[in-house]
Amino acid sequence: MILKMDRLPIELPTPSNPSPNDAAAVQELLGGKFGEMSTLMNYTYQSFNFRGRKKIRPFYDVISSIAGEEYGHIEVVAYTVNLLLTGTSKRGMDPTTTPLADAVNARNTHHFIASGQSALPMDSMGHFWTGQNVFNSGNLKLDLLHNFFLECGARANKMRVYEMVSDPTARTMIGYLLVRGGLHVVAYAKALEKLTGVEVTKLLPIPNLSNNAFPEAKKFMENKLHLKLYTFSKDDYQKAGLIWNGTHPDDGQEVEVVFGHPEGFPVPDLEEEPQLNAPGDDEIDPEMFADIAKKLGIKL
C-alpha cells in the first residue's frame, strides 16, 4: 500500500512565462518511454512480482523503496505541466470570443481539447503512455540491468528537456529529478555490483555530465539529496541498507537510508479555467460544504 500525502517533494515556483510548448516538452518526462510513468510502473510491477524475496530481501527492499518515490515524481512533473499551462489562454465564459484561439498554435492541443488545460499520461508528441513500456522479466539480474538502463535514459532526457526550456518552474523540477534519478542510477548500479561483482559504478555518470553543471540540481546536491534513499515506510524495507551503503561515486560522501519520507511542500492551488469548464460548475455553493462539515463535526 502507498501512504498518500497532499504534498510535493519540492516547492515549485510560479512560472515567469507560462508556455504550452514548454509544457509539451516537459510531458516527455511524464509519459515518455523513459518518463516517470515508466519508472513507477516498472519498479511497481517488479516489486509485486518479486519471487524469492525472503532469500534475497535487500534487492526487493531497494526496488520497492524506489517504486514508492516514483509516485511523487509523477506528481511533481504533472504539476509543472499544469503550472506551465495556467494562464496560456483567455479566461472567460463566452465561447463566441474564442478564448482558446491561441491553442491552435500549441504543439499539443490535447492539453486544451482533451483535458482542463492540464497534464496527461502522454509523451511530448502526444502519444499516450502504454503498459508496453513495463519490463519485468522475473530474472533479478536482468531486471536490475534494465532499471539501470532505464534510469540512465531518463537522466539523458531530463538534461535535454532542461536545455529546451528556460522557465524556473521546469528547471527547478528537472534539477530535482536529476538528483533523485541520479540516486536511483547509483542504487541499481550498487545492486548489480552486490549481485555480480562487476563495478558498474565506474560507468557513471551517464551521460558524462555532472549534476553540478545544472544550478538547480546543485542546490539539491548541497542538501545531500543525492545521498538519501527513502524507504517511504518507517517499518518496512529495513534491509535496503545492505545494498545502499558505502560512498557515492560522484563525490565520495557516505550514503544513507532514511526510513520514512521527505517532509514535502504544499501543492499549488490551481485556478479555475472557465473557458474550459474546469472544474465546470459555477453553481457550487461553498456554504453547502460548510454546513455539511459542521454537521459532521469537521473544521474547515
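Residues numbered from 1 in each chain as written. Predicted model: local features only at pLDDT ≥ 70, side-chain atom pairs only at ≥ 80, totals over all residues. Heavy atoms only, no water.

Peer 1: Got a minute to help me understand the nonpolar core in this structure?
Peer 2: Side chains of nonpolar character tend, in soluble globular proteins, to be buried together. If you look at the biggest cluster of nonpolar residues, it comprises 41 residues, and the most contacted ones within it are Leu-12, Val-26, Val-76, Val-77, Met-173 and Ile-174. A per-element tally of this core places helix H4 (residues 57-85) first, with 9 residues. Leave out the neighbours within four places in its chain, and Val-26 touches Val-77, Thr-80, Val-81, Leu-84, Val-161, Ala-170 and Met-173. (Core = buried A, V, L, I, M, F, W, Y, C linked by side-chain atoms within 4.5 Å. Buried < 20%, exposed > 50% of the residue type's maximum accessible area, 1.4 Å probe, protein only. Helix = DSSP H or I, 4+ residues; strand = E, 2+ residues; numbered from the N terminus. Contact = heavy atoms within 4.5 Å.)

Peer 1: Is there a simple way to explain a nonpolar patch on the surface in this structure?
Peer 2: On the surface, Met-288, Phe-289, Ile-292, Leu-296 and Ile-298 cluster together into a nonpolar patch covering about 500 Å² of accessible area. Examined against the element boundaries, Leu-296 turns out to sit in helix H9 (residues 286-296). Among the residues examined, Leu-296 registers a relative accessible area of 61% and is labelled exposed. (Patch = residues over 30% accessible without salt bridge, like charges linked within 9 Å, V, L, I, M, F, W, Y side chains within 5 Å. Areas by Shrake-Rupley, 256 points an atom, 1.4 Å probe, with all protein chains shown as cover. Salt bridge = Lys/Arg side-chain N within 4 Å of Asp/Glu carboxyl O.)

Peer 1: Sorry, what's going on with the packing of helix H3 (residues 36-48) against H4 here?
Peer 2: Helix-helix packing is characterised by the crossing angle of the two axes and by the distance between the axes. At a minimum axis separation of 8 Å, H3 and H4 run at an interaxial angle of 150 degrees. It follows that H3 is roughly antiparallel to H4 by the angle criterion. Considering only the axes of H3 and H4, their crossing is left-handed. For the pair H3 and H4, contact is made by Glu-36, Met-37, Thr-39, Leu-40, Tyr-43, Thr-44, Gln-46 and Ser-47 and by Tyr-60, Ile-63, Ser-64, Ile-66, Ala-67, Glu-70, Tyr-71, His-73, Ile-74 and Val-77, respectively. Looking at the contact of H3 with H4 residue by residue, the class counts come to 10 nonpolar, 6 polar and 2 charged. (Axes fitted to C-alpha atoms, helices over the stretch in contact; angles between N-to-C directions. Parallel < 35°, antiparallel > 145°, perpendicular 65-115°, else oblique. Left-handed = near helix turned anticlockwise from the far one by under 90°. Nonpolar A, V, L, I, M, F, W, Y, C, P; charged D, E, K, R; others polar.)

Peer 1: Is there a simple way to think about the packing of aromatic side chains in this case?
Peer 2: Ring pairs (aromatic) are described by centroid distance and by the angle formed between their planes. Considering all chains together, one arrives at 8 aromatic pairs under this definition. Ring geometry for Phe-34 versus Phe-149: centroids 5.7 Å apart, planes at 70 degrees, classification edge-to-face. Of this pair, Phe-34 sits in the loop between helix H2 (28-31) and H3 while Phe-149 sits in helix H6 (residues 140-164); the two residues are 115 residues apart in sequence, bridging distant segments of the chain. When the ring of Tyr-162 is compared with that of Phe-214, the centres are 4.9 Å apart and the planes differ by 85 degrees; the resulting orientation is edge-to-face. Note that Tyr-162 is positioned in helix H6 and Phe-214 in the loop between helix H7 (168-196) and helix H8 (215-222), a separation of 52 residues in sequence. An aromatic cluster of three or more residues is present, and its members are Phe-50, Tyr-60 and Tyr-237. Above the face of the Tyr-60 ring, Arg-53 is positioned so that its terminal group lies 4.2 Å from the ring centre. (Phe/Tyr/Trp six-rings, centres within 6.5 Å; stacked < 30°, edge-to-face > 60°. Lys NZ or Arg CZ within 6 Å of the ring centre and 35° of its normal.)

Peer 1: How should unusual backbone geometry be read in this particular structure?
Peer 2: With the exception of glycine, most residues fall at negative phi, and the peptide bonds are largely trans. Following Leu-204, the chain continues into Pro-205 via a peptide bond in cis, with omega recorded as -5 degrees. The residue Pro-205 is located in the loop between H7 and H8 in this model. The residue after Ile-206, namely Pro-207, is reached through a cis peptide bond having omega -10 degrees. By the secondary structure assignment, Pro-207 is in the loop between H7 and H8. Not every positive phi belongs to a glycine, and Thr-98 is a case in point at roughly 45 degrees.

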